[in-house]
Each structure stands twice: as C-alpha cells, then as structure tokens.
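Structure at a glance
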Amino acid sequence: MDCVQPLYTLCNTTTGYRWVIEGDIKACFDRIPHGQLVAEVARRIADPHILKLIRSFLKSGIMDQGKLAPSEEGTPQGGIVSPLLANIYLHRFDEWYYNHYGTPDRTIDQASYARWQRATSKGKNQAATQMFRYADDWIIVVRGTQAQAQEIKEECKRFLQEELGLELSEEKTAITHILDGFDFLGYHIFRCNKPTKGNIIGVFMQPTEKGLKRMKQNIKEMTDKKTLNDDYLHKLEAINSLVQGWASYYRAVNPSRTFDKLDRYVWIRLRRWLQKKYRISSLQVRKQYMRHRSGPEGGYAEFAAQDEEGEWIWRARATRTKLIHYRPSWKRHWPNPYLEKKRAEHFVLPTLKNIWHGNREAPIYAANRREALKRAKGCCERCGKATKLLTHHKNRVKTGKRKLSQADNRPEMLEAICFECHVKEHRAERIHQNKVRFKKESLSGEG
C-alpha cells in the first residue's frame, strides 16, 4: 500500500500533479545483462563466494519440457532471488531519477530544497515529479505540462536503453491525465473534480476491470458444468476462500462498487451450478440450499451448507469485508504494528480444514466415483438400463438440527444408477421426511 496510498494526497485538487507517466519495461526479468547485474551486486558485496553463487544461479539454464536451454541473460522468473536481483539492478534507475528530477530532503538540505521549490513553482520551466516503483512497475507523477511529461519519459527511455540495456514498451508506456485514470499494481486510480456518478470530489482507487474480469473467470471455472460432481459444502468453502482473499487485498481503498458486482456474479453462478447439479428450478434452489441469515450480518436469504460438525457455512460476501484506512501522518497516536508496543489489529485469512480449491473434483471422491461407474459397466444397478449413470450415496448425510455425519464416499457405499432411479430415490426420501415432520407437528399440536 505504500506505493499507492500517497497518491491520495499527491493527486488531489490542490497540489497540481496532473500527468502520470505509466512505465512498463518490456520483458524486464528476461533481458537483464548478467555482467552488469553482478557488477551492481559487487558495489555492496565483496565476498567472492556470494558473487560466484549468484553467477552460478544466473547461468544455471532453463528447463523447458524436459530440455535444458542456456540462460545468457535475464533472471529466472519465479526464482527465490529474482525479485531481489531485479531491484538491485533497477536501483541505478532510482539513483539517476533522484539526481535529475528528485525532490531534495528538506530536513537535510534546506537550501537545495528552497532552490528546487523556486524552480518548480507554478509557471516555471522545471516540472516537479514524484516516482513510485515496485519491482519493474513504476509511475512518475508530474506537476507540469504534458510536453514536460513527454520529455521526462524520453529521458527515462534513453537511460534505461543506454545504461541498463532495457527497453520501454511503447504500447504500454503512456502519459495519462489523472482525470482519465490509470492502472497501477492492480488498482485503478483516478480523480473526480465534479460530484458525478455517485462520486464526491477527490481521488479514488478501485480494483481494475482486468482484475475483476480475471476473478470472474476463476469463479466461472469453479462452477463449470465439468464440476457438477463436486461436493456442495467443499465448493462453498473454496469460493469463500477465493472471494475473501481477493477482497482483503483491496480492503484499504474504495472497492464497494466492484465488490457488489462480484457478489452478484458469484450468486448467479452458484445458483446456476446448483440448478444443473441437482436438475431443479431456481425456486427449489432457494428452498433447499438457501437459509435466512439473522443477526448483524444477516437479514436476507443466503447460500449455506452444514459441515460434519453441524455448523452452518455461509457464502462469504466481498461487501462484508471490513474496510480499513491507511495510517495518515497527522494521526500520530495510531499504533504502528512494527514500531510500537501497542497492540494493533491483525487481519488473519480464514483457513480451511482441507486444501481442495474447488476448481476441480475432490480427489478422493473422484477416484471412488470412477470405480463405482466402472463396476456398473454402463448399466443401472437397479433397473439394468444401459444409459448415462449417476453416483448415489447409499448412506446420505442426515438432515435436520442433529449433528451431521460426513457422507460415506467409499466405493462400496456408492451406487451407479440412472437419472430416473435417482429422481425416484430422492422423491421417496422427501416424502418420508415430510411424513415424519407432519407426524411430529401433529403430536406437538395435540400436546
């Protein structure tokens, strides 16, 4: 958050920072020269053993489909030290920027800061800039004209190409006005000068449309027709884990509208998945797999399932994520979790009892199901009809308020039957449950 939170103050309506240079280095991790990288490391580290180890790491080669290819340049993406080495190499870019466009430290050199302030004041020829870099993603916020921003962009391009051997992507490196908005580190950042579309005047940060689209694609794959054999409880837990983790990343900005879009999409996909899985209508889904949730977070019908201990697992909504606000400089009394002894709130992601992520069939159940279908040899084990078969649990999970026992997924307790026999079985089960419930109600009424 340290890379984006200062933009709330820097890009507001009074500071004058209007233009943003969105920097994108083309294939940064793939094109870093090994010799120059080791030379940069040697500026701080003189141990020859460490330098030899880094050289060996860079020259170890790339394994692609069982074939070893030599690595002449770049750092292996996904390597344990690749991000660190990339930051060490790009530190020269940070130093060059500070020497040419950086803001002098007011507390150390007041005279240099005063000269910089006079040179970058309104109407002067020099533009004031602030750079934010996270690995190979960086932006420069400019207080000046678009022409000055273009000139700074060309200077950055020249330095990266001539001194570091890196190249800026012309398609992705753009100069954007803050009113039009730009994407940085998964956030869409823009400023609103007029209270329109429900926004007040100020700077806003939201999840990007690309990130929301990628999240919806993950939900779509988890509720695809290929996953209809998955367990409803495990599916609900996996979707909750994905939604809560994604929402936690954006809980310190302005994500409410995007969260609402995601919740609506998850609700539709989960309802359709249950309709296809059990071949029932949307009204039956609401009656059988949704419950009224009471309490401070309730007041509506929500998808829910009971685990083996009898506890209800509710669908997690992104809009229910507790939003936080970054610690501003003027609230000195707020506890810092790293520097102060006061206890600060720590957010802990929920942990699941199983490691299944919901995007494929549960491993144990899938293997046992295949064994049961193989045993039937394409014929229903009840009526003997040769057709498409479904797996049915002989001992189903009990329903009601009693403590539940987990469904028995052993192959001998799974039955391969046709769709007609499956419907008859569940219809008879519901008739029996209604009779038992009616008998209890009648006895309680007589008492």
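Residues numbered from 1 in each chain as written. Predicted model: local features only at pLDDT ≥ 70, side-chain atom pairs only at ≥ 80, totals over all residues. Heavy atoms only, no water.

Quick look at the overall build of the protein chain
The helix and strand inventory of the protein chain stands at 12 helices and 14 strands. For the protein chain, the residues scored as buried account for 38% of the 447 residues in total. In the protein chain, the share of contacts with a sequence separation of at least 24, taken over all contacts with a separation of at least 6, comes to 63%. Of the roughly 28000 Å² of accessible surface on the protein chain, a fraction of 52% belongs to carbon and sulfur atoms. (Helix = DSSP H or I, 4+ residues; strand = E, 2+ residues; numbered from the N terminus. Buried < 20%, exposed > 50% of the residue type's maximum accessible area, 1.4 Å probe, protein only. Contact = heavy atoms within 4.5 Å. Areas by Shrake-Rupley, 256 points an atom, 1.4 Å probe, with all protein chains shown as cover.)

Focus: the side chain of E415
In this fold, E415 is placed in strand β14 (residues 414–417). Overall, the relative accessible area of 11% leaves E415 in the buried class. A polar atom in the side chain of E415 sits 3.1 Å from the side chain of R382. Dropping the residues within four chain positions of it, E415 is found in contact with R375, E381, R382, L390, T391, H392 and K394. (Polar contact = N/O pair within 3.5 Å; in protein donor to acceptor, adjacent residues only side chain to side chain.)

Observations regarding the nonpolar core
Residues L7 and I189 are the most contacted members of the largest nonpolar core, which totals 48 residues. Sort the elements by how many residues they give to this core and helix α8 (residues 232–249) lands first, with eight residues. When near neighbours in sequence (up to four residues on either side) are disregarded, L7 contacts F132, I139, V141, F182, I189, V203 and M205. Among the nonpolar cores identified, the runner-up in size contains 34 residues, and I25, V38, Y101 and L166 belong to it. (Core = buried A, V, L, I, M, F, W, Y, C linked by side-chain atoms within 4.5 Å.)

Let's talk about the confidence of the model for the protein chain
Averaged over every residue, the pLDDT of the protein chain is 82; residues scoring 70 or more account for 85%. Of the regions scoring below 50 in pLDDT, residues 347–352 engages in eight contacts with residues more than four places distant in sequence or in other chains. Throughout residues 399–405 the model reports pLDDT below 50, and contacts reaching past four residues in sequence, or to other chains, amount to 11 contacts. (pLDDT = per-residue confidence, 0-100.)

Digging into the sheet that holds strand β10 (residues 290–293)
Pairing within the open sheet is antiparallel, and its three strands lie in the order β10-β11-β12. Edge positions in the open sheet fall to β10 and β12 (312–314), since each of these has one partner strand only. Recorded for the sheet is a direction-independent mean angle of 55 degrees between the axes of neighbouring strands. Inspection of the sheet shows β10 paired to strand β11 (residues 300–306) by four bridges, in the antiparallel sense. By the bridge assignment, M290 is partnered in β11 with F303. Its contacts with the sheet put helix α9 (residues 256–278) on β10 and β11, and the angle it makes with β11 is roughly 55 degrees. (Pairing = 2+ DSSP bridges. Axes fitted to C-alpha atoms, helices over the stretch in contact; angles between N-to-C directions.)

As for the sheet that holds strand β8 (residues 187–192)
With antiparallel pairing, the three strands of this open sheet are ordered in space as β7-β8-β9. With one partner strand each, in any of the chains shown, β7 (182–184) and β9 (202–207) form the two edges of the open sheet. Going from strand to strand, the sheet's axes swing by 30 degrees on average, the running direction of each strand aside.

Considerations on helix α3 (residues 48–58)
Along α3, the residues that are buried comprise L51, I54 and L58. Axial view of α3: buried residues confined to an arc of 60 degrees, hence all on one face. The outward face of α3, more than 90 degrees from its buried face, is lined by the exposed residues P48, H49, K52 and L53. Buried positions along α3 lie against α2 (34–42) and α4 (82–101). For α3, the N-terminal cap is D47; the gap from its side-chain oxygen to the backbone nitrogen of H49 is 3.1 Å. (Arc of directions from axis to C-beta.)

What to know about unusual backbone geometry
Of note in this structure, A27 is not a glycine but carries a positive phi near 45 degrees. When you line up the elements, A27 lands in the loop between β1 (19–24) and α2. With relative accessibility at 33%, the residue A27 sits in the partly exposed group. The residue K377 is not glycine, and still its phi comes out positive at about 55 degrees. The residue K377 is located in the loop between α11 (363–376) and β13 (390–393) in this model. You can call K377 exposed: its relative accessible area is 72%.

So, α9
Here α9 spans 33 Å end to end across 23 residues, near enough to the 33 Å set by a 1.5 Å rise per residue. Next to the buried residues of α9 lie β9, α7 (209–222), α8, α10 (282–289) and β11. With its phi angle positive at about 55 degrees, R279 sits one or two positions after the end of α9. (Expected span 1.5 Å × (residues − 1).)

A closer look at the environment of P83
Within the secondary structure layout, P83 lies in helix α4. Exposure remark for P83: the relative accessible area of 42% places this residue in the partly exposed category. As a C-alpha pair, P83 and A135 span 52 residues in sequence and 6.9 Å in three-dimensional space.

What to know about the packing of aromatic side chains
Counted by the stated rule, this structure contains 17 aromatic pairs. Ring geometry for W312 and W314: centres 6.5 Å apart, planes at 40 degrees, overall tilted. With a relative accessible area of 21%, W314 lands in the partly exposed category. Aromatic ring contacts, followed pair by pair, group F93, W96, Y97, Y101, W138 and F159 into a single cluster. Its guanidinium or amino end placed over the ring of F419, R279 lies 4.2 Å from that ring's centre, counting from NZ or CZ. Between R317 and the ring centre of Y300, over which it is positioned, the NZ or CZ distance is 4.0 Å. (Phe/Tyr/Trp six-rings, centres within 6.5 Å; stacked < 30°, edge-to-face > 60°. Lys NZ or Arg CZ within 6 Å of the ring centre and 35° of its normal.)

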